[in-house]
Protein chains: 2
Amino acid sequence: MTLYNEYDRLLVAVDCIIFGFHGDQLKLLLIKRDFEPEKGKWSLMGGFAKKSESLDDAASRILMSLTGLQEVFLEQLYCFNQVDRDPVERTISVTYYSLINIEDHDEELSKQHDASWFDLGEMPDLIFDHNEIVDRAHQRLKYKAEHYPVGFELLPPKFTMPELQSLYEAIFETEMDKRNFIKRIDSLGILVKLNEKKRTTGKKGAFLYQFDEDKYKQQMKTGNKFQIKP
Amino acid sequence: MTLYNEYDRLLVAVDCIIFGFHGDQLKLLLIKRDFEPEKGKWSLMGGFAKKSESLDDAASRILMSLTGLQEVFLEQLYCFNQVDRDPVERTISVTYYSLINIEDHDEELSKQHDASWFDLGEMPDLIFDHNEIVDRAHQRLKYKAEHYPVGFELLPPKFTMPELQSLYEAIFETEMDKRNFIKRIDSLGILVKLNEKKRTTGKKGAFLYQFDEDKYKQQMKTGNKFQIKP
């Protein structure tokens, strides 16, 4: 095709924003860049797209190579496209964000190379436009968590109500009223209360809950709307 | 950079989904593709990215070349990335959607090449994955129109309340209760009622309104939230 041949081909990066939640903090998995430019600086985990692979598959592959995880929440975020964003060569970055349950996957994650979890509130200075990418990912997560039950991806399968509340407080960056929060969660009808408590030091312990996918689908069918406002 | 050199370069298309509103219908501007493959089929307006130009700028350029319009609402939608979406060569498509006031720009638009407005409910069979792209753009528009005052981009500066309601009905694909709609719009406090009516055949005419950007900003500052639910 002559017409096709007239045009430029571009380097396409696929970068992953990997969110976790631990100890009341929303966290991000970063790696130390091991090649120039900006070698030694913290960076999102990324790679370059191949002709033979969809970008969705590339994102899964990159996530798998860093975390050992498959079948976790992964969604395209945005294509960052400023001409000079990479000083070596014009590169566009198609970004994907992922939500990971740290607690269950601690072993897989800790095995991996030069990677560390950072509190979202204490991001180091990242390479290129990666700080901007993180900001946009956090905005998207706020929206998603308000309208869809994606928050549970960040928790272990069994969690207490205070844990669930502190997750939402971390995502929304705001304190929430405990009574209203519990009332709201109850009205959604998507959790199962277990006959089991989580013991914590010096407390009676709190009941454990599970998110129930079937209940959620059932509720949405009957017109109930998932929404947890900040 | 050795490392950079190891990777593939890809053809990057920029495709624009151009929405308009006329006669109670949400519309889309399409062009007849004038080269192979799929020559003669309807298509979104698009072009290929250049090394020297950001994709945002490319989208503006493409929109300008088709419609003659600048400084209209234009926002990135999604990067479509399946390996075989273009049969000629692996091409990813970064898509942008635009909202245009047809009425004010009818002259610019009608001058242009093989382009036509189609009702969103009566889309022809488009090239490649463009029907899927249109669906995703419509989903995004629904969300945006619910939470941001972007609907006004599709109307002339002066409009009647029935026109505003039929715009939202077209976007949401649902009928809305007239009284509740007017009540909701009033409570937002973002319109100015003009001392001027639009005459329509056989009717007394309806008062004209204008959207007031400053009022909107003021309202958002005081904690009022823009939301128009379907």
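Everything quoted here is computed from the prediction, not taken from an experiment.

Trainee: What is the right way to read helix α4 (residues 130-147) of chain A from this model?
Mentor: Every α-helical turn comprises 3.6 residues, leaving residues that sit three or four positions apart pointing alike. In a regular helix each residue adds 1.5 Å, so 18 residues correspond to 26 Å; α4 of chain A covers 26 Å between its end C-alpha atoms and thus fits that length. All of the buried residues in α4 of chain A are His-130, Ile-133, Val-134, Ala-137, His-138, Leu-141, Lys-142, Lys-144, Ala-145, Glu-146 and His-147 of chain A.

Trainee: Which parts of the structure should I look at to understand empty space enclosed by the protein?
Mentor: Inspection of every chain in the model, using the stated rule, returns one cavity of 30 Å³ or more. Of the volumes computed, that of the largest cavity is approximately 30 Å³. In terms of residue class, the lining of the largest cavity is built from no nonpolar, three polar and three charged.

Trainee: Hey, could you run me through helix α7 (residues 213-221) of chain A in this one?
Mentor: N-cap assignment for α7 of chain A: the residue whose side-chain oxygen lies 3.0 Å from the backbone N of Asp-214 of chain A is Asp-212 of chain A. In the segment just after α7 of chain A, Gly-223 of chain A is the residue with positive phi, at about 95 degrees.

Trainee: Teacher, can you tell me more about the pattern of salt bridges here?
Mentor: Once the charged atoms of two side chains with opposite charge are near each other, the side chains can pair. Taken as a whole and judged by the stated rule, the model has 23 salt bridges over all chains. For the salt bridge of Glu-38 of chain A with Lys-41 of chain A, the shortest nitrogen-to-oxygen distance reads 2.9 Å. For the salt bridge of Lys-142 of chain B with Glu-173 of chain B, the shortest nitrogen-to-oxygen distance reads 2.9 Å. On the criterion of sequence distance, the pair formed by Lys-142 of chain B in helix α4 (residues 130-147) and Glu-173 of chain B in the loop between α5 (161-172) and α6 (178-188) is long-range, its members being 31 residues apart. Among the charged side chains, a salt-bridge network with shared partners connects Glu-38, Lys-41 and Asp-125 of chain A.

About the cut-offs
- Residues numbered from 1 in each chain as written.
- Chains lettered and ligands numbered in written order.
- Predicted model: local features only at pLDDT ≥ 70, side-chain atom pairs only at ≥ 80, totals over all residues.
- Heavy atoms only, no water.
- Helix = DSSP H or I, 4+ residues; strand = E, 2+ residues; numbered from the N terminus.
- Expected span 1.5 Å × (residues − 1).
- Buried < 20%, exposed > 50% of the residue type's maximum accessible area, 1.4 Å probe, protein only.
- 1 Å grid on protein atoms, 1.4 Å probe; cavity = no way out; pocket = protein on both sides within 12 Å on 5 of 7 lines; lining within 4 Å.
- Points joined across faces, edges and corners; volume = space filled by probe spheres on them.
- Nonpolar A, V, L, I, M, F, W, Y, C, P; charged D, E, K, R; others polar.
- Polar contact = N/O pair within 3.5 Å; in protein donor to acceptor, adjacent residues only side chain to side chain.
- Salt bridge = Lys/Arg side-chain N within 4 Å of Asp/Glu carboxyl O.

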